[in-house]
Amino acid sequence: MLLHLGVLITGLIVLVWSADKFILGASASARQLGVSTLVIGMFVVGFGTSAPELMVSTMAALDGNSLLAVGNALGSNITNISLILGVTAILMPISVASGIIRRELPMLLAITFAAALLLLDGHLGVMDGVILLASLVGVIWFTYKQSQQGGGDLLETEFEEQLNDQSMTLGKALMWTLIGLLLLLASSRALVWAAVELAQSFGISELVIGLTIVAIGTSLPELAASIVAARKGEADIAIGNVIGSNLFNLLGVMGIPGILAPVALGPEVLERDYLVMLGLSVLLFIFAFGWKRQGRINRLEGGLLLTCFAGYQWLLFS
């Protein structure tokens, strides 16, 4: 058991470190190749923070542990909104000034409702996975179109300031991209093995392990990115990372196990976990959209989100 715990902790540490290096290298590579700042920010940084969840989901599905993958996807979204935005807002209230972010908020809410319809039959199958991944392609296309029309948006200015700190040669950037990717693969494989073994040892379901330990661990890149962005006054990046990650988790991370290893979902997935994620998504929309004024998540609302996170953890283990 100590071996499994040690591998789990080591895997999480390496996973977070390698995700950071992968995003750093990929961002610098794209910049050296002349890709626009907004495209880099919205794709490489926004979706790139979900690389740990994607790797863990793929490895879990290949091993036949699809419930762990589903738990990772749902748990990461719950963690992103309640823990990450909660902590970030308490440290520094988050103001939403970007028009791009205001357009993505209703899209996230609509996709969260739509994905629930696919799971109402209690089964995540091949067709569900195909629909989710096809929807991800549509979201990527829409995001790309947004980035082309986003000239002058505050989000672009914030990304420009962030990327100015990531200057390096193309060769070095490609090297860090490759190193980060290889370590992501290795650490995610070790993490899934250790998580499954620990779940069996303690008699805890793979779903709960995915919703808690694995979800929190794989969400650490988003936590770090959001806190750093908020402290630099780049609040739109902080919330943009969460929106991009949640979209990718719902459509990509949850779509992969449907295709690779279809699985029956217990009633608790929809009646407890998905319902909590949906409720938090509605709260995020209410807080951040603005309603004829600038959207804002203040310290009180951040405290409410953190309380929701603590209550959900209690609910899982009670």
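Residues numbered from 1 in each chain as written. Predicted model: local features only at pLDDT ≥ 70, side-chain atom pairs only at ≥ 80, totals over all residues. Heavy atoms only, no water.

- Per an unreviewed UniProt entry, the chain is named Calcium/sodium antiporter, and its organism is Balneatrix alpica.
- Quoted verbatim from the Subcellular location (unreviewed entry) heading of the UniProt record, the comment on the chain is "Membrane". (UniProt positions renumbered as here; feature names shortened; annotations may be inferred.)

## Comments concerning the overall build of the chain
Here is step 1: Of regular secondary structure, the chain possesses 14 helices and four strands.
Here is step 2: A buried classification covers 56% of the 318 residues belonging to the chain.
Here is step 3: Residue pairs in contact within the chain that sit at least 24 positions apart in sequence constitute 88% of those at least 6 positions apart.
Here is step 4: As displayed, the chain has an accessible area near 12600 Å², and 70% of this comes from carbon and sulfur atoms. (Helix = DSSP H or I, 4+ residues; strand = E, 2+ residues; numbered from the N terminus. Buried < 20%, exposed > 50% of the residue type's maximum accessible area, 1.4 Å probe, protein only. Contact = heavy atoms within 4.5 Å. Areas by Shrake-Rupley, 256 points an atom, 1.4 Å probe, with all protein chains shown as cover.)

## A short note on the UniProt feature "transmembrane region" (unreviewed entry) in the chain
Here is step 1: In this structure's numbering, the residues bearing the UniProt feature "transmembrane region" (unreviewed entry) are residues 28-47, 81-98, 105-120, 126-144, 173-196, 208-230, 242-262 and 274-291.
Here is step 2: As annotated, residues 208-230 comprises 96% helix and 0% strand, and the C-alpha atoms at either end are separated by 31 Å.
Here is step 3: Between the C-alpha atoms that bound residues 242-262 there is a distance of 27 Å. The span itself is 86% helix and 0% strand.

## Digging into the packing of aromatic side chains
Between two aromatic rings, the relevant description is the distance of the centres plus the angle of the planes.
Here is step 1: Taken as a whole, this structure holds two aromatic pairs when the rule is applied.
Here is step 2: Taken together, a centroid distance of 6.0 Å and an interplanar angle of 75° make the contact between Trp17 and Trp176 edge-to-face. Here Trp176 lies in helix α8 (residues 170-202) and Trp17 lies in helix α1 (residues 2-32), a separation of 159 residues in the sequence.
Here is step 3: Residue classification places Trp17 among the partly exposed residues on the basis of a relative accessible area of 40%. (Phe/Tyr/Trp six-rings, centres within 6.5 Å; stacked < 30°, edge-to-face > 60°.)

## Details of the packing of helix α4 (residues 66-91) against helix α14 (residues 299-317)
Here is step 1: In contact at an axis separation of 7 Å, α4 and α14 are set at 145° when each is read in the N-to-C sense. Crossing angle aside, the handedness with which α4 passes α14 is left-handed. Contacts between α4 and α14 pair Ile78, Thr79, Ile81, Ser82, Leu83, Leu85, Gly86, Val87, Ala89, Ile90 and Leu91 from the former with Arg299, Gly302, Gly303, Leu305, Leu306, Phe309 and Tyr312 from the latter.
Here is step 2: Residue composition of the contact of α4 with α14, grouped by class: 12 nonpolar, five polar and one charged. (Axes fitted to C-alpha atoms, helices over the stretch in contact; angles between N-to-C directions. Left-handed = near helix turned anticlockwise from the far one by under 90°. Nonpolar A, V, L, I, M, F, W, Y, C, P; charged D, E, K, R; others polar.)

## Quick notes on helix α9 (residues 206-218)
Here is step 1: Helix length check: α9 (13 residues) gives 16 Å between terminal C-alpha atoms against 18 Å at 1.5 Å per residue, more than 12% under.
Here is step 2: The sharpest bend along α9 measures roughly 25° and falls at Thr212.
Here is step 3: The element α9 is extensively covered by neighbouring structure, given that 10 of its 13 residues are classed as buried.
Here is step 4: Listed in full, the buried residues belonging to α9 are Leu207, Val208, Ile209, Gly210, Leu211, Thr212, Val214, Ala215, Gly217 and Thr218. (Expected span 1.5 Å × (residues − 1). Bend = angle between axes of the 7 residues up to and from the residue.)

## Some details on the side chain of Asn65
Here is step 1: Topologically, Asn65 is positioned in the loop between α3 (51-62) and α4.
Here is step 2: Ignoring any residue separated from it by four or fewer positions in sequence, one finds Asn65 in contact with Ala60, Val192, Val196 and Glu206.

## A short note on the environment of Glu222
Here is step 1: Within the secondary structure, Glu222 is located in helix α10 (residues 220-231).
Here is step 2: Between the C-alpha atoms of Glu222 and Val242, which are 20 residues apart in sequence, the distance is 6.9 Å.

## With respect to a nonpolar patch on the surface
Here is step 1: A contiguous nonpolar patch, built from Leu62, Val126, Met127, Val130, Ile131, Ile259 and Leu260 and spanning about 610 Å² of accessible area, is present on the exposed surface.
Here is step 2: At four residues, the largest contribution of residues to the nonpolar patch is made by helix α6 (residues 126-148).
Here is step 3: For Ile131, the position within the fold is in helix α6.
Here is step 4: Take Ile131: its relative accessible area is 35%, and that puts it in the partly exposed class. (Patch = residues over 30% accessible without salt bridge, like charges linked within 9 Å, V, L, I, M, F, W, Y side chains within 5 Å. Salt bridge = Lys/Arg side-chain N within 4 Å of Asp/Glu carboxyl O.)

## Some points on the packing of α9 against α14
Here is step 1: Two elements in contact, α9 and α14, have axes separated by 10 Å at closest approach and are oriented at 140°. When the axis of α9 is compared with that of α14, the two are oblique. Where α9 crosses over α14, the two elements pack in a sense that is left-handed. Taken together, the residues of α14 that come into contact with α9 (itself represented by Val208, Leu211, Thr212 and Ile216) are Phe309, Tyr312, Gln313, Leu316 and Phe317. (Parallel < 35°, antiparallel > 145°, perpendicular 65-115°, else oblique.)

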